[in-house]
Amino acid sequence: MAADAGSSPLQLPCVFSPKSRQYLALCAQDGRLRIWNTDSKTLHQEYVPSAHLSATCTCIAWGPCRTVKEGPRRKKRKSEVDQVEEKADLLAMGTAAGTVLIYSTAKGALHCTLDGGHSGGVNCVQWHPDDSFLYSGSDDTNIIEWDLQTGKMRSKWKADRAAVTSLCVSHDGKLLLSAGQIIKMWDLDTKEVYRKFTGHSTAVTTLSFATTRPPDSNGLYFLSGAAHDRLLSVWQVREDGKDKNSVVSFTLTDEPQHIDLVTSNSKEEAVRLAVVCKDGQLHLFEHFLNGPCKKPLSPLCTVQMSDTKDSPVPIPLLAAALRADTRTVLLAYGNHLQPVMERVEINTAERHVCLTRDVQTSLSLSMETTVSKVKTPIVNAKGRVLVPGLPGHQAPVKGTSQGSEKRKKDTDTKEMSIAERLGEIDLSTVSTEKGAPKGTASLQTDNFAVLLVQGLESNDANILNKVFQTRKEMVIKKTVARLPLSAVLPLVEEITKRLQGHPFTAVLMVRWLKAVLMHHTSYLASLPDLVTQLGVLYHMIESRVKMFHKLTKLHGKLYLLMTQVATSDSSNSVTDVDHTAKLVYEEESSDEDEASGDEGLPDDDSDNWEEEETMKEDEED
């Protein structure tokens, strides 16, 4: 039975339907619910919630299989009356806005909406074996029991001091497991705590019952997994209440992301367990639950997937489902937007199994089979059809070859070569005037995208330098938006190299990096090994952010110092000007006195001078 007890809000939910495993339900980065048919490997249904951008889907859980009335059918024969087929129909989706959506695959539409109960985001949803009841746990620390027949809340109670992150209902529908700071087992009849279990230091993301035996026989076991924890813990519900510690632990390579198990009905029957970890690996376990086990148990077999390239790249596994056959496992791998489903026979005698697949081929085949409602228009011989294609391809698609020579004669435009494009890439001289002749082709953003892709593929520094020298924000944004997804990662790597170069080049590269993050963040987030590929960029940004704080302090000190120097220089210049003015004034006044004295010498001063000379002569005699 799948462990559909809820998912961590940080990971994208992905769950197989119960029993037949015919459907795979998952929510991708765009907030849409997609249901894939595992038999035909095609998209069965797609549902877009009205608030899929503001209230993302945080958890999903399939309801119990039931008999569905899909419409009028022929009258059954007597031999077919007893053959009633049960299918997976209802699917519960918890949202970050606190509502729970019930989707019907038989109707292909929303069945009902359960709202008005939670004040925080829903972290987990769990169905009762009787499909008329549903339980939800939220960030508001409450658990709500919903009645799906009326669409209203039946009961609500506070479960923990922290957020409720996981739920699970026992197979007989009498017990409920909830996880907040601690794991609690509730009696659903009285809504009282039956047992408490402590042992995880982080939020519990997975709860699932491993056995179907009643609790009074010391044979009831359940397992739990937590975030950032590489162990799956198994707990025993003892009759004497001495069940404070876990009895068995399963070792993993990373925190559990998806769990599927086949329960044990007796001591002689082993529990089969399939765990998909966050690192994309699958671990298979098989163990007889009969009391405590001191040592942690290693997986019976570990499965990895990689592509068929010369340097293999790991392909992440999304979910796994165990089949009735002990050697067959249903796998879902790739990405959430376009998963690949496959039934694989695994030889558990080998401790480690690596499966190689060509993901690109599988994706193209799936996309061709899913697009079945597209109609090809009938092209008239005299008409032109413009279709979106690769960046830079602006030529019209020709319906027929008739009349092509006439169109060639009538057209005055000529296609630019690569050399001519490189020569005209200088954006400062690009003509944008209205009076420009039609025959001269102007360089546009789609030409930049073509040149940028060619430069990245050929690693031509001349082409890249010409493209990267632009300073216009709008041209950069449109060029990055027209890039194919395959060129985004090489562009980021090239930007990272150039950021380490000349400061002027680094300033231009920051604009390109900003445009890439604005247009292609969702694609980069879907890459499995993003941290390893962009590790240099992360390190560079981190070092520059740390240096920015120091430079800010230095800038403040220098600004204060320069202000003081400018103030002192201005005061000194004022005093120097006053002193200079004083000297000039004294010199001018002295010159005026001398001039006025020289003008009176011929009349009075000459006589006085003669008298003084005669007096000196008399004294000498």
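Residues numbered from 1 in each chain as written. Predicted model: local features only at pLDDT ≥ 70, side-chain atom pairs only at ≥ 80, totals over all residues. Heavy atoms only, no water.

- In the annotation of an unreviewed UniProt entry, the entry for the chain reads WD repeat domain 43, and the organism field reads Seriola lalandi dorsalis.
- Regarding the chain, the UniProt comment filed under Subcellular location (unreviewed entry) reads as follows: "Nucleus".
- The Sequence similarities (unreviewed entry) field of the UniProt record for the chain holds the comment "Belongs to the UTP5 family." (UniProt positions renumbered as here; feature names shortened; annotations may be inferred.)

**Details of the packing of aromatic side chains**
- Scanning the entire structure with this criterion turns up nine aromatic pairs.
- Ring centres of Y23 and W62 lie 6.3 Å apart, and the angle between their planes is 20°; on these two criteria the pair is classed as stacked. In this pair, Y23 sits in strand β2 (residues 23-27) while W62 sits in strand β5 (residues 57-62), placing the two residues 39 residues apart along the sequence. The pair Y23 / W62 is uniform in exposure class, with both members buried.
- Relative to F285, the ring of F250 lies with its centre 4.8 Å away and its plane at 55°, an arrangement referred to as tilted. With a gap of 35 residues between them, F250 in strand β20 (residues 248-251) and F285 in strand β23 (residues 282-287) connect regions that are remote in the sequence.
- F250 gets classed as buried once you look at its relative accessible area, which sits at 6%.
- Site record: aromatic cluster; members linked through ring pairs are F197, F209, F222 and W235. (Phe/Tyr/Trp six-rings, centres within 6.5 Å; stacked < 30°, edge-to-face > 60°. Helix = DSSP H or I, 4+ residues; strand = E, 2+ residues; numbered from the N terminus. Buried < 20%, exposed > 50% of the residue type's maximum accessible area, 1.4 Å probe, protein only.)

**A word on the sheet that holds strand β27 (residues 339-345)**
- Reading across the sheet, the three strands line up as β25-β26-β27 and stay open at both edges, with antiparallel pairing between neighbours. On the outer flanks of this sheet lie β25 (317-322) and β27, each paired with one strand and no other. Strand after strand, the sheet turns through a mean of 20° between neighbouring axes, direction not considered.
- Relative to β27, strand β26 (residues 328-334) runs antiparallel, the two sharing seven bridges. Looking at β27, one finds that A332 is bridged to M341. (Pairing = 2+ DSSP bridges. Axes fitted to C-alpha atoms, helices over the stretch in contact; angles between N-to-C directions.)

**Describing the nonpolar core**
- The biggest cluster of nonpolar side chains holds 33 residues, and the ones touching the most others in it are L452, L491, I495, L499, W512 and V516.
- Contributing elements (two or more residues each) for this core: α4 (445-458), α5 (461-468), α6 (473-481), α7 (488-499), α8 (503-525) and α10 (535-598).
- Examining the composition of this core, we find that eight residues originate from one element, α8, more than from any other.
- In contact with W512, not counting residues within four places along its chain, are L452, V467, F468, T470, I476, T479, V480 and I495. (Core = buried A, V, L, I, M, F, W, Y, C linked by side-chain atoms within 4.5 Å. Contact = heavy atoms within 4.5 Å.)

**Quick word on the environment of D325**
- Summarising the element assignment, D325 is placed in the loop between β25 and β26.
- We classify D325 as partly exposed; its relative accessible area is 39%.
- Sequence spacing of D325 and E345 is 20 residues, and the spatial spacing of their C-alpha atoms is 9.1 Å.

**Things to note about the sheet that holds strand β3 (residues 33-37)**
- Reading across from one edge, β1-β2-β3-β4 is the order of the four strands in this open sheet, with antiparallel pairing throughout. Where the open sheet ends on each side, the last strands, each with one partner, are β1 (14-16) and β4 (42-47). The mean angle between the axes of side-by-side strands here comes to 20°, regardless of whether they run parallel or antiparallel.
- Of the strand pairs in this sheet, β3 and β4 are connected by five bridges, and their pairing is antiparallel. Within β4, the position partnered with R34 by the bridge is E46.

**Some remarks on the confidence of the model for the chain**
- For the chain, per-residue confidence averages 76 on the pLDDT scale, and 71% of positions sit at 70 or higher.
- Within the chain, no element has a lower average pLDDT than strand β30 (residues 397-398), which sits at 42, and none a higher one than strand β13 (residues 166-169), at 94. (pLDDT = per-residue confidence, 0-100.)

**With respect to α6**
- Of all the residues in α6, the buried ones are V475, I476, T479 and V480. One side of α6 holds all its buried residues, which, seen down the axis, span an arc of 125°. (Arc of directions from axis to C-beta.)

**Examining the pattern of salt bridges**
- The tally for this structure, following the rule as stated, stands at ten salt bridges.
- In this structure, E145 and R154 form a salt bridge, with 3.8 Å as the shortest nitrogen-oxygen distance.
- Two residues, E473 and R511, come together in a salt bridge whose shortest N-O distance is 3.6 Å. Residue E473 is found in helix α6, and its partner R511 is found in helix α8; the two are separated by 38 residues along the sequence.
- Residue classification places E473 among the partly exposed positions, given a relative accessible area of 34%.
- Within the structure, one salt-bridge network assembled from shared partners comprises R32, R34 and E46. (Salt bridge = Lys/Arg side-chain N within 4 Å of Asp/Glu carboxyl O.)

**Observations regarding the side chain of T42**
- With respect to the element layout, T42 can be found in strand β4.
- On the basis of relative accessible area, T42 is assigned to the buried category, the value being 18%.
- In this structure the side chain of T42 is engaged in a polar contact, spanning 2.8 Å, whose partner is the side chain of S40. (Polar contact = N/O pair within 3.5 Å; in protein donor to acceptor, adjacent residues only side chain to side chain.)

**Quick look at α5**
- Taken residue by residue, α5 has I463, L464, V467 and F468 as its buried positions. Across the axial projection of α5, the buried residues extend over an arc of 120°, all falling on one side.
- Regarding α5, its N-cap is D460, as a side-chain oxygen of that residue lies 3.0 Å from the backbone nitrogen of N462 further along.

**As for the packing of α5 against α7**
- Here α5 crosses α7 at 80°, and the two axes come no closer than 13 Å. Compared by their axis directions, α5 and α7 come out roughly perpendicular. Counting all contacts with α5, which are made through A461, L464, N465 and F468, the residues of α7 involved are L491, E494 and R498.
- Looking at side-chain class alone, the contact of α5 with α7 contains four nonpolar, one polar and two charged residues. (Parallel < 35°, antiparallel > 145°, perpendicular 65-115°, else oblique. Nonpolar A, V, L, I, M, F, W, Y, C, P; charged D, E, K, R; others polar.)

**Points about the side chain of S224**
- When you line up the elements, S224 lands in strand β18 (residues 220-226).
- Exposure remark for S224: the relative accessible area of 0% places this residue in the buried category.
- At a separation of 2.8 Å, a polar atom in the side chain of S224 contacts the side chain of W235.
- If we ignore the near neighbours within four places in the chain, the residues touching S224 are I183, H200, V204, T206, L207, L231, L232, S233 and W235.

**Some thoughts on the pairing of strand β17 (residues 204-209)**
- With respect to burial, β17 is a largely interior element, six of its six residues being buried.
- With five bridges connecting them, β17 and β18 associate as antiparallel partners. Within the sheet, the bridge partner assigned to S208 lies in β18 and is L223.

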